[in-house]
Amino acid sequence: MKYTAEVEHMCPLAKAAYHGPAPIPEEGNWVQAKKMEDISGFTHGIGWCAPQQGTCKLTLNVKDGVIEECLVETIGCSGMTHSAAMASEILIGKTIIEALNTDLVCDAINTAMRELFLQIVYGRTQSAYSKDGLKVGASLEDLGKNLRSQVGTMFATRKTGPRYLEMTEGYVEQCAVDKDGAIIGYKTINFGKFMDAVKAGMDPKEAMDKARTHYGRITPEEGAVKFIDPRKE
């Protein structure tokens, strides 16, 4: 260790009482985090790329400083899906310091990692007050039974109004419209249910019918006067 001449000529003084870092809540305990293995927590965060054309929702489950589970969800950029695939392989098994200083391929994923790091090391995780935290695999609960991201895709112009394209229920195939031209309901296809049925051996047409559902008012008695295909009309 090298010191300046000014410091070399200073007389040493004793350090006052040391109380350590402020404790942070982690998985139902108050922890004075001093080293990497003191950090645990389950949390979510979002990141965005520099041109802001895509975003990432990142979920991490950290146990004793090591990332044991990750869920990487991206939207808005075709290349981000491949970046997410690589990031899912990169993240697991790394400490949060390693992950923070690793290129996670996509700027949005890197930014999400930064935001999660701040939550985790400051004790702001989703599991801060949950005894023993959440089990590895807990992030899959966010996806539901069909293990698909919750996606909403809507398009609208001032001239033509809104078009519902994708809801959490699934792919919107028709929108119900009332006499005033307003959307009052929609019919959807749950692709997760459809693919599960097809993989189980069901005829695709039958699987499609069983995967169909609806929301809102879709009958003439309820005020629906016509249906439109939001991708064509």
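It should be emphasised that the depicted structure is a prediction, and the values quoted were computed from it without experimental measurement.

Asker: Just to check I follow, could you spell out the overall build of the protein chain for this structure?
Answerer: The secondary structure content of the protein chain amounts to six helices and 11 strands. Against the 2.2 N^0.38 benchmark of 17 Å for 233 residues, the protein chain shows a C-alpha radius of gyration of 25 Å, more extended than a compact globule. Principal-axis analysis of the C-alpha atoms places the extent of the protein chain at approximately 90 × 45 × 30 Å. Within the protein chain, buried positions represent 35% of all 233 residues. Within the protein chain, residue pairs in contact and separated by at least 24 positions form 51% of the contacts whose partners lie at least 6 positions apart. Working note: accessible area of the protein chain is about 14700 Å², and carbon and sulfur atoms make up 55% of it. Side-chain charges in the protein chain split into 27 positive and 31 negative, and the spacing between the mean points of these groups amounts to 5 Å.

Asker: Even after reading the chapter, I still don't get the side chain of Thr188, so can you show me in this structure?
Answerer: By the secondary structure assignment, Thr188 is in strand β9 (residues 183-189). With a relative accessible area of 0%, Thr188 lands in the buried category. In contact with Thr188, other than residues within four places in its own chain, are Glu169, Gly170, Tyr171, Val172, Glu173, Ala211, Arg212 and Thr213.

Asker: What exactly am I supposed to notice about helix α5 (residues 191-199) here?
Answerer: It helps to recall that an α-helix has 3.6 residues per turn; residues three or four apart then point in one direction. Within α5 the residues assigned to the buried category are Gly192, Phe194 and Ala197. Along its buried surface, α5 packs onto α6 (204-211). N-capping of α5 is provided by Asn190, with a side-chain oxygen placed 3.0 Å from the backbone N of Gly192. Among the residues trailing α5, Gly201 stands out with phi positive, at a value near 105 degrees.

Cut-offs applied
Residues numbered from 1 in each chain as written. Predicted model: local features only at pLDDT ≥ 70, side-chain atom pairs only at ≥ 80, totals over all residues. Heavy atoms only, no water. Helix = DSSP H or I, 4+ residues; strand = E, 2+ residues; numbered from the N terminus. Rg over C-alpha atoms; globule rule 2.2 N^0.38 Å. Buried < 20%, exposed > 50% of the residue type's maximum accessible area, 1.4 Å probe, protein only. Contact = heavy atoms within 4.5 Å. Areas by Shrake-Rupley, 256 points an atom, 1.4 Å probe, with all protein chains shown as cover. Lys, Arg positive; Asp, Glu negative; His and termini not counted. Charge placed at Lys NZ, Arg CZ, Asp CG, Glu CD. Polar contact = N/O pair within 3.5 Å; in protein donor to acceptor, adjacent residues only side chain to side chain.

All quantities given are derived from atomic positions and should not be read as evidence of function.
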